[in-house]
Amino acid sequence: MESAARTAPAVIVAIDGPSGTGKSSTSKAVAAQLGLSYLDTGAQYRAITWWMVTNEIDVDDPAAIAAAASKPEIVSGTDPLDPTIHVDGTDVAGPIRTQEVTSKVSAVSAVPEVRTRITELQRSIAASAERGIVVEGRDIGTTVLPDADLKIFLTASPEARAARRSGELKGADVNATREALLKRDAADSGRKTSPLAKADDAVEVDTTELTLTQVIECVVTLVEEKRAAR
Ligand SMILES: Nc1ncnc2c1ncn2[C@@H]1O[C@H](COP(=O)(O)OP(=O)(O)O)[C@@H](O)[C@H]1O
Ligand SMILES: Nc1ccn([C@H]2C[C@H](O)[C@@H](COP(=O)(O)OP(=O)(O)O)O2)c(=O)n1
């Protein structure tokens, strides 16, 4: 085993931003290159939403969501080469990406009891990542991990984000995808509890004109600079 003196201190990286800005792809690649853990917090909000839908909880009824918020057991696997998400022992990696879950996730994730529960889970996962972790989401730099060593806020034009997402959804209409993205951004940015927001001390990176490789290199360089300065 390495001695404590030779082990680099754990580094915590928070990557926030709206949908389609490249958070997941960038975070996974940065974590893999630097030997860090990786946490997709959107997958956790999607997982609790999937549980609500499966158990026929009315997502337009915040009191019903709040009452059920502590029921599902959500487990995230944090290997950037094989991230996993289970609810009550069921692998939900596929089901959480359906159109139905995507259209309901903003309503479920706006409920304060849901956020408290998931935020606690995220903090405990980050605290147990021995070498450090890249955590991506909407409120990581502002609320979940305000003391992160490095905070990145990714942006891109709505057109670029819609083109990227509709490419993934195998030819889905770009205009419809753009409208759905903007609607979800507005809901996520406008909610009272822990909205999507750039932390004051976050580095903003506009990825519209950058390749994914360029974004990854930029973030890796920023992490290495932070590590060198410690
Ligand atoms: N800079 C980029 N240029 C082109 N495509 C990108 C870029 N960043 C990400 N992508 C692609 O856009 C899609 C959405 O990226 P993703 O990482 O899932 O975004 P987010 O997690 O912010 O929603 C993916 O297919 C990804 O490969
Ligand atoms: N830290 C987070 C992460 C996601 N959410 C909510 C709001 C988002 O619209 C959904 C889904 O997030 P996800 O990152 O999977 O979304 P996209 O991959 O960008 O489509 O979850 C949140 O409220 N807080």
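Remember, it's a predicted structure, so these values are computed and weren't measured experimentally. (Residues numbered from 1 in each chain as written. Chains lettered and ligands numbered in written order. Predicted model: local features only at pLDDT ≥ 70, side-chain atom pairs only at ≥ 80, totals over all residues. Heavy atoms only, no water.)

As a further point, take the UniProt feature "binding site: ATP" (unreviewed entry) in the protein chain. The UniProt entry lists Gly17, Pro18, Ser19, Gly20, Thr21, Gly22, Lys23, Ser24 and Ser25 under the feature "binding site: ATP" (unreviewed entry), expressed in the numbering used here. Its location among the elements puts Thr21 in the loop between strand 1 (11–16) and helix 1 (23–34). Residue class for Thr21 comes out buried when judged on its relative accessible area of 1%. If we skip the residues at most four places from it in the chain, Thr21 touches Leu154, Thr155, Ala156, Arg161, Arg164 and Thr207. Relative to the elements of secondary structure, Ser24 occurs in helix 1. (UniProt positions renumbered as here; feature names shortened; annotations may be inferred. Helix = DSSP H or I, 4+ residues; strand = E, 2+ residues; numbered from the N terminus. Buried < 20%, exposed > 50% of the residue type's maximum accessible area, 1.4 Å probe, protein only. Contact = heavy atoms within 4.5 Å.)

Here we take up the environment of Ala126. Checked against the element boundaries, Ala126 lands in helix 5 (residues 112–127). A relative accessible area of 5% means that Ala126 is categorised as buried. Each C-alpha atom of the pair Ala126 and Val144 lies 9.7 Å from the other, and the pair is 18 residues apart in sequence. The contacts of Ala126, once residues within four sequence positions are left out, are Ile12, Ile133 and Leu145.

Here we take up the sheet that holds strand 2 (residues 37–40). The sheet built from 5 strands is open, its strands ordered 2-6-1-7-8 with parallel pairing. Every interior strand has two partners, whereas the edge strands, strand 2 and strand 8 (203–206), have only one. The mean angle between the axes of side-by-side strands here comes to 20°, regardless of whether they run parallel or antiparallel. The pairing of strand 1 with strand 6 (residues 132–137) spans 6 bridges and is parallel. (Pairing = 2+ DSSP bridges. Axes fitted to C-alpha atoms, helices over the stretch in contact; angles between N-to-C directions.)

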